[in-house]
Amino acid sequence: MSTPGHHTLRKVVVIGGGYAGTLAANHLRLRADVGITVVNPRPEFVERVRLHQFVAGTREATVDYGTLLGEGIRLVVDSATRIDPTTRTVRLASGGALDYDYVIYAVGSTGAIPSSVPGAAEFAYDLAELEPARRLRARLEELPVDAPITVVGGGLTGIETAAELAEQGRAVTLVCGRALAPSFGASARRAVATWLSRHRVAVLEADAVREVRPDAVVLAGGSAGGSAGGGVRASALTIWAGGFGVPRLAAASGLRTDALGRLLTDETLTSVDDDRIVATGDAAAPSGRPLRMSCYAAGPLGAQAADTVLSRIAGTEPAVISLAFSGACVSLGRHTGIRQLARKDDTAVNLYVGGRMGAAIKEVTCNFAVKRIRREARRPGSLIWVKGGPRPEQPAPAPRGVTKP
């Protein structure tokens, strides 16, 4: 760690203790004159990439923060309700407040059950966060094995959830609303479809759910080629995995956001409204062009957000973000997986690794997401990542609050 030239403690509040926020907090320890507080609503770290396993009962999905946060980092178990740039305080649900010199906004993402689909909010379950995943697991344990289950969403979360349950002998229908695994190449999509078919998952690609009932879903037939063509389908349990939203904290604090609610930043992850607020992870929208919500991007973005704060403390110009993608993984039960390869811009190529090797790569990837946080706690600045992914040209600086000593 660097030795400061003075003894003024700079207070940094990290809002959110997920993959990005936890790594950012550890990275900030590169300077000894930074007081770091992590605000998180739970006392344990949640491995969100394992929540589908948690729901199926094949693995737990929480980790003790004591094994993840570096020495000197304070954990406050609470929820932030407002960031007040005028007083430089973070208001908490408990009624308290935390003073800050800088905020790292790492609130992550949430489930997104649409209010526009009748019955979805009342009767569908999601598994984007720990609490709804617990409710879903409890409900699943009440059902007989042959009870019909509907998973809504043909992306990676929906596929993993459907596969995990199907491998246990559950009767699963996967309603995609569009193509199955649309971010994958054609050959990888075929491999996913083949596995699901062999495990008796009914895949409805072009159909969408237009209503959720306590014991059924109502389908709207898609374009030509839709598998079911609409109608009512029995569903003792409906799981919504059709996308993600973000917490509304930024908007509630009067900060500018994109249409989804992600905090708008420049290419250094600095808020366009206030240069003492730096965003990272799923809730950041640099230049209005957010990176894909993913565990893969969270770690590097966390380190880069911390570097931006450290640069501002040092009085130097922060670097613009640089992150190249290499692909994505999906698990198909406990013994098969797909590792889809991609270009730096996250565009899939028609090449993948499947089978047991794909499953092994997926498991290594999930384990590494936690291991790199622990390593950063032991050796701040140790994280390395692939750089060079395409980003828009750096625009002229937008007007924002000016940092004062």
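Note that this is a predicted model, so its numbers are computed, not measured.

### Side note on the nonpolar core
Counting residues in each nonpolar core, the largest one holds 62 residues, and the members touching the most others are Val14, Ile15, Leu28, Ile83, Ile104 and Tyr105. Considering each element in turn, this core owes the most residues, ten residues, to helix α8 (residues 295-314). With residues up to four places along the chain from it excluded, the contact list for Ile15 reads Val39, Ala80, Ile83, Val90, Val103, Ile104, Tyr105, Ala106, Val107 and Leu249. Within the second largest apolar cluster, 39 residues are counted, among which are Ala147, Cys176, Val330 and Ile338.

### What about unusual backbone geometry?
Positive phi, close to 50°, is recorded for Arg88, a residue that is not glycine. Position of Arg88 relative to the elements: it lies in the loop between β6 (80-84) and β7 (89-92). Despite not being glycine, Leu269 shows a phi value in the positive range, around 75°. You can see Leu269 is positioned in the loop between β20 (263-265) and β21 (277-279). For Leu269, a relative accessible area of 1% gives the class buried.

### Digging into the pattern of salt bridges
Per the counting criterion, the structure on display carries 16 salt bridges. For Arg42, the salt bridge identified is with Glu129, shortest N-O distance 3.3 Å. You can see Arg42 sitting in the loop between β2 (34-40) and β3 (44-46) and its partner Glu129 sitting in the loop between β11 (124-125) and α4 (130-142), a full 87 residues away along the chain. Residue classification places Arg42 among the buried residues on the basis of a relative accessible area of 15%. Residue classification places Glu129 among the partly exposed positions, given a relative accessible area of 27%. A cluster of three or more residues bridged by salt bridges with shared partners is formed by Glu47, Arg50, Arg59 and Glu363.

### A look at helix α9 (residues 355-378)
Relative to the 34 Å expected for 24 residues at 1.5 Å per residue, α9 spans 35 Å between its end C-alpha atoms, a close match to the ideal helical length. The largest bend in α9 comes to about 30°, at Phe368.

### Some details on the packing of aromatic side chains
Under the criterion given, the structure shown has three aromatic pairs. With 6.1 Å between their ring centres and 85° between their planes, Phe45 and Tyr65 make a pair best called edge-to-face. Of this pair, Phe45 sits in strand β3 while Tyr65 sits in the loop between β4 (62-64) and β5 (74-77), and the two are 20 residues apart along the sequence. Taking the relative accessible area as the measure of exposure, Phe45 reaches 0% and is therefore buried. By way of ring pairs, the aromatic residues Tyr19, Phe45 and Tyr65 are connected into one cluster. One Lys or Arg, Arg137, reaches over the ring of Phe54 and ends 4.6 Å from the middle of that ring. Taking the ring centre of Trp385 as reference, the NZ or CZ of Lys387 above it sits at 4.2 Å.

Calculation notes
Residues numbered from 1 in each chain as written. Predicted model: local features only at pLDDT ≥ 70, side-chain atom pairs only at ≥ 80, totals over all residues. Heavy atoms only, no water. Core = buried A, V, L, I, M, F, W, Y, C linked by side-chain atoms within 4.5 Å. Buried < 20%, exposed > 50% of the residue type's maximum accessible area, 1.4 Å probe, protein only. Helix = DSSP H or I, 4+ residues; strand = E, 2+ residues; numbered from the N terminus. Contact = heavy atoms within 4.5 Å. Salt bridge = Lys/Arg side-chain N within 4 Å of Asp/Glu carboxyl O. Expected span 1.5 Å × (residues − 1). Bend = angle between axes of the 7 residues up to and from the residue. Phe/Tyr/Trp six-rings, centres within 6.5 Å; stacked < 30°, edge-to-face > 60°. Lys NZ or Arg CZ within 6 Å of the ring centre and 35° of its normal.

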